[in-house]
Amino acid sequence: MTTPAETRAPEGATLVDCTHERHADQILAIFNDAIATSTALYDYKPRPREAMEAWFQAKRQGGFPVVGYENEAGELMAFASYGTFRAWPAYKYSVEHSVYVEGRFRGRGLAEALMRELIARARARQVHVLIGGIDAANQRSIRLHEKLGFTHAGTIREAGFKFGRWLDLAFYQLTLETPDQPVDG
């Protein structure tokens, strides 16, 4: 088990808890850029603005964090969250996470800092396993996860099809020492 170092904000960045009112449009723009230009999301069409209300509501109902870094101008530079891994009760101690960095702000350590924050919050919430589904060609994300103690849990070959090619989906997991007292039901 790896215990990531304490979260440190990258230079000029302020950690915030994201809200629908303040951040929905900025998160939507980051999501839609990832859909249009990358395999970070196995989605084809940009999400409509209305989708953000349901997304934030699901996070609130599940007690799941949505954290980000803003710059001095109040722009959301990056955000991260986790949510339900699978909807059956026995998976209650496992979550699937995601982290996105707006293109202009990549390479500043934001993703690592946000992942460390998510891990700390997961531990405080008594989560046992964090799971990342990563496009297997995304070596930068894989290296980040491995640096933070995640291990490869398996790859589903040709799980997706986007940009005219088959995509392999790699799963990475970090097992925490929590919960203190796991229970059935």
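Model, not experiment: these values are computed from the prediction.

K.L.:
Just to check I follow, could you spell out the sheet that holds strand E6 (residues 151-162) for this structure?
P.N.:
Each strand in a sheet pairs with its neighbour through backbone hydrogen bonds, running either in the same direction (parallel) or in the opposite one (antiparallel). Spatially, E1-E2-E3-E4-E5-E7-E6 is the arrangement adopted by the seven strands of the open sheet, whose pairing is mixed. If you trace the sheet from one side to the other, it starts and ends with strand E1 (14-17) and E6, each paired once. For this sheet, the mean inter-axis angle between neighbouring strands, taken without regard to orientation, is 25°. Examined bridge by bridge, strand E3 (residues 76-84) and strand E4 (residues 94-101) share seven bridges and lie antiparallel to one another. When the sheet's bridge partners are listed, serine 81 is paired in E4 with serine 98. Each of E1, strand E2 (66-70), E3, E4 and E6 touches helix H1 (residues 20-37); the most contacted strand, E3, lies at about 85° to it. Its contacts with the sheet put helix H4 (residues 139-147) on E4, strand E5 (129-135) and strand E7 (165-175), and the angle it makes with E5 is roughly 160°.

K.L.:
Please explain the pattern of salt bridges as it appears in this structure.
P.N.:
Side-chain pairs of opposite charge can arise whenever the charged atoms involved come near each other. Scanning all chains against the criterion turns up twelve salt bridges. Of the charged contacts in the structure, one is a salt bridge between glutamate 117 and arginine 121, with a shortest N-O distance of 2.6 Å. Taken together, the residues glutamate 117 and arginine 121, both in helix H3 (residues 110-124) and four residues apart, mark about one turn of the helix. Assessed through its relative accessible area of 13%, glutamate 117 is described here as buried. Look at arginine 121 and you get partly exposed, because its relative accessible area is 24%. What emerges from the salt-bridge pattern is a single network uniting Asp17, Glu117 and Arg121.

What counts, and where the lines are drawn
Residues numbered from 1 in each chain as written. Predicted model: local features only at pLDDT ≥ 70, side-chain atom pairs only at ≥ 80, totals over all residues. Heavy atoms only, no water. Pairing = 2+ DSSP bridges. Helix = DSSP H or I, 4+ residues; strand = E, 2+ residues; numbered from the N terminus. Axes fitted to C-alpha atoms, helices over the stretch in contact; angles between N-to-C directions. Contact = heavy atoms within 4.5 Å. Salt bridge = Lys/Arg side-chain N within 4 Å of Asp/Glu carboxyl O. Buried < 20%, exposed > 50% of the residue type's maximum accessible area, 1.4 Å probe, protein only.

Without other data, these values stay purely geometric and don't point to any function.
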